[in-house]
Amino acid sequence: MADDRDELLVRKFFEDNAVEVPDDGFTRRVMRRLPDRERRLSRIWAAVCAVAGVLMLLKFNWLGVLVSYIGSLVKGIGLPSDDIGSYALALVSVLFLIFLGGYKVLSEE
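I will try to describe carefully the structure that is included in this document. Quick caveat, the model's predicted, so the values are computed rather than measured.

Details of the packing of aromatic side chains
Counted according to the given criterion, the structure contains 1 aromatic pair. With a centroid separation of 5.5 Å and an interplanar angle of 70°, the aromatic rings of Phe 13 and Phe 14 are classed as edge-to-face.

This is how it looks when you write it as structure tokens:
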């Protein structure tokens with residue numbers, strides 16, 4: 001009972017002595033700046049990682065190695081190995097879609 005009375009007294013005190021601080025658009029300016037900087041840094045980081053990945057792909061000849069591995073896989077399971085490049089492209093495309101979908105799911109959480 002005394003706690004309710006104290007709570008009412010405190011609430012009434014703060015209602016009577018409330019001071020309004022002028023915002024002058026400060027909050028809007030701050031909120032407008034925060035996401036833009038974050039989004040810009042995210043795009044720059046993604047571009048740097050993509051360039052690094054392409055450079056590593058070219059430097060270490062990953063595409064040639066991947067095609068040779070897929071070729072040995074195609075021969076191992078008995079598929080016709082006339083066009084190993086198309087099998088490689090299909091596998092890389094499927095893997096890309098899987099990773100892209102996983103990234104999309106994780107980024108939405």
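A few points about unusual backbone geometry
Glycine aside, negative phi is the norm for most residues, and most peptide bonds take the trans geometry. Of note, Asp 24 is a non-glycine position whose phi angle comes to about 50°, a positive value. You can see Asp 24 is positioned in the loop between α1 (2-16) and α2 (26-59).

Remarks on the pattern of salt bridges
Applying the stated rule across the entire model yields 2 salt bridges. In this structure, Glu 7 and Arg 11 form a salt bridge, with 3.8 Å as the shortest nitrogen-oxygen distance. Taken as a pair, Glu 7 and Arg 11 lie in helix α1 at a separation of 4 residues, close to a single helical turn.

Re the layout of surface pockets
The volume enclosed by the largest pocket comes to roughly 580 Å³. Taken together, 14 residues make up the lining of the largest pocket; nearest its centre are Cys 49, Ala 50, Phe 96, Phe 99 and Leu 100. Ranked by residues supplied to the lining of the largest pocket, first place goes to α2 with 7 residues. Residues of the lining of the largest pocket, tallied by class, amount to 12 nonpolar, 2 polar and no charged.

Let's talk about the environment of Val 92
Structurally, the position occupied by Val 92 is in helix α4 (residues 84-108). With a relative accessible area of 31%, Val 92 lands in the partly exposed category. Sequence separation between Val 92 and Leu 66 is 26 residues, and the spatial gap between their C-alpha atoms is 8.9 Å.

Each value, and the rule that gives it
Residues numbered from 1 in each chain as written. Predicted model: local features only at pLDDT ≥ 70, side-chain atom pairs only at ≥ 80, totals over all residues. Heavy atoms only, no water. Phe/Tyr/Trp six-rings, centres within 6.5 Å; stacked < 30°, edge-to-face > 60°. Helix = DSSP H or I, 4+ residues; strand = E, 2+ residues; numbered from the N terminus. Salt bridge = Lys/Arg side-chain N within 4 Å of Asp/Glu carboxyl O. 1 Å grid on protein atoms, 1.4 Å probe; cavity = no way out; pocket = protein on both sides within 12 Å on 5 of 7 lines; lining within 4 Å. Points joined across faces, edges and corners; volume = space filled by probe spheres on them. Nonpolar A, V, L, I, M, F, W, Y, C, P; charged D, E, K, R; others polar. Buried < 20%, exposed > 50% of the residue type's maximum accessible area, 1.4 Å probe, protein only.

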